[in-house]
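Inside the fold
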Amino acid sequence: MTLDWKIGGVLLGAVFFVAVLLVKPIGVSTQFVIFDGMIANAVSPDFISQTDDGYTSSNAYMAKSGGKYAKAAANPLDYGFVFVIAMAIGGAVSSYLRGGVGAAERRLPEVWRANYGDTPMKRYLVAFLGGFIALYGARLAGGCTSGHMMSGTMQTSLSAYIFMAGTFAAAIPTATLLYKKG
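What counts, and where the lines are drawn
- Residues numbered from 1 in each chain as written.
- Predicted model: local features only at pLDDT ≥ 70, side-chain atom pairs only at ≥ 80, totals over all residues.
- Heavy atoms only, no water.
- Patch = residues over 30% accessible without salt bridge, like charges linked within 9 Å, V, L, I, M, F, W, Y side chains within 5 Å.
- Areas by Shrake-Rupley, 256 points an atom, 1.4 Å probe, with all protein chains shown as cover.
- Salt bridge = Lys/Arg side-chain N within 4 Å of Asp/Glu carboxyl O.
- Helix = DSSP H or I, 4+ residues; strand = E, 2+ residues; numbered from the N terminus.
- Core = buried A, V, L, I, M, F, W, Y, C linked by side-chain atoms within 4.5 Å.
- Buried < 20%, exposed > 50% of the residue type's maximum accessible area, 1.4 Å probe, protein only.
- Contact = heavy atoms within 4.5 Å.
- Axes fitted to C-alpha atoms, helices over the stretch in contact; angles between N-to-C directions.
- Parallel < 35°, antiparallel > 145°, perpendicular 65-115°, else oblique.
- Left-handed = near helix turned anticlockwise from the far one by under 90°.
- Nonpolar A, V, L, I, M, F, W, Y, C, P; charged D, E, K, R; others polar.
- Phe/Tyr/Trp six-rings, centres within 6.5 Å; stacked < 30°, edge-to-face > 60°.

A word on a nonpolar patch on the surface. Judged by side-chain polarity, Leu125, Phe128, Leu129, Phe132, Ile133, Tyr136 and Leu140 come together as a nonpolar surface patch covering roughly 830 Å² of accessible area. Mapped onto the fold, Leu140 is located in helix H7 (residues 120-141).

As structure tokens, this is what we get:
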């Protein structure tokens, strides 16, 4: 049960349009900060505190923007956090409806095996490190690729087009270096 890319593109565009129309542009990297704040507050209850003006935190990053992150961590059932949870649930439901993840999908990609052999742990490590670097960069930039690139270009933001060009300018040489064979 594979979705045609044209239908998928139209559906993705519709989801982004409805999100902007009803709530706000889509972006997910901030929810990692919110989740970290939730954990820190569970471990140290004075991490987030409520004031007369709203929320604040003993952590400067959580307290910035008038305590916006602290408020979201103290009250996580908002649009952003529910959206991220719904993405995971949606992926699981989609996998279930397709009959699960097949053996062919569980194998290492041919291009990986051609370059690095049959090394699943190495692949997991590289995927984790790549995700960590991408998330770290997203937080430095104030948002992730879905927020900057997808939502930004949909809104015809010049900075989004510059970010997108930079992303591909870095991704293409990186892929060329990592996958010389294949």
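The next subject is the nonpolar core. Core analysis: the largest hydrophobic core is formed by eleven residues, namely Val33, Ile34, Phe47, Ile48, Tyr55, Met62, Tyr69, Ala70, Ala72, Ala73 and Phe81. With five residues, the single largest contributor to this core is helix H3 (residues 60-74). Apart from the residues within four sequence positions on either side, Tyr69 is in contact with Thr30, Val33, Ile34, Tyr61, Met62, Lys64 and Arg139.

Moving on, we get to the packing of helix H8 (residues 145-154) against helix H9 (residues 158-178). Packed helices, taken two at a time, are described by their axes: the angle between them and the distance between them. The interhelical angle for the contact between H8 and H9, taken along N-to-C directions, is 125°, at an axis separation of 8 Å. As the angle between them shows, H8 and H9 are arranged oblique. Where H8 crosses over H9, the handedness of that crossing is left-handed. Mapping the contact onto sequence places Thr145, His148, Met149, Gly152 and Thr153 in H8 and Ala160, Tyr161, Phe163, Met164, Thr167 and Phe168 in H9. Taken together, the residues that form the contact of H8 with H9 break down as six nonpolar, five polar and no charged.

The N-to-C vectors of helix H2 (residues 30-43) and helix H4 (residues 79-97) enclose an angle of 100°; their axes lie 10 Å apart at closest approach. As judged from the angle between their axes, H2 and H4 are roughly perpendicular. Listed contacts from H4 to Gln31, Ile34, Phe35 and Met38 of H2 are Gly80, Phe81 and Val84. Split by residue class, the contact of H2 with H4 holds five nonpolar, two polar and no charged.

Using the criterion set out here, one finds seven aromatic pairs in the structure. Ring geometry for Phe132 versus Tyr136: centroids 6.4 Å apart, planes at 15°, classification stacked. Highlighted residues: Phe132 and Tyr136, both in helix H7, separated by four residues, approximately one helical turn. A relative accessible area of 52% places Phe132 in the exposed class. Among the aromatic residues, those joined into a ring-pair cluster are Trp112, Tyr116 and Tyr179.

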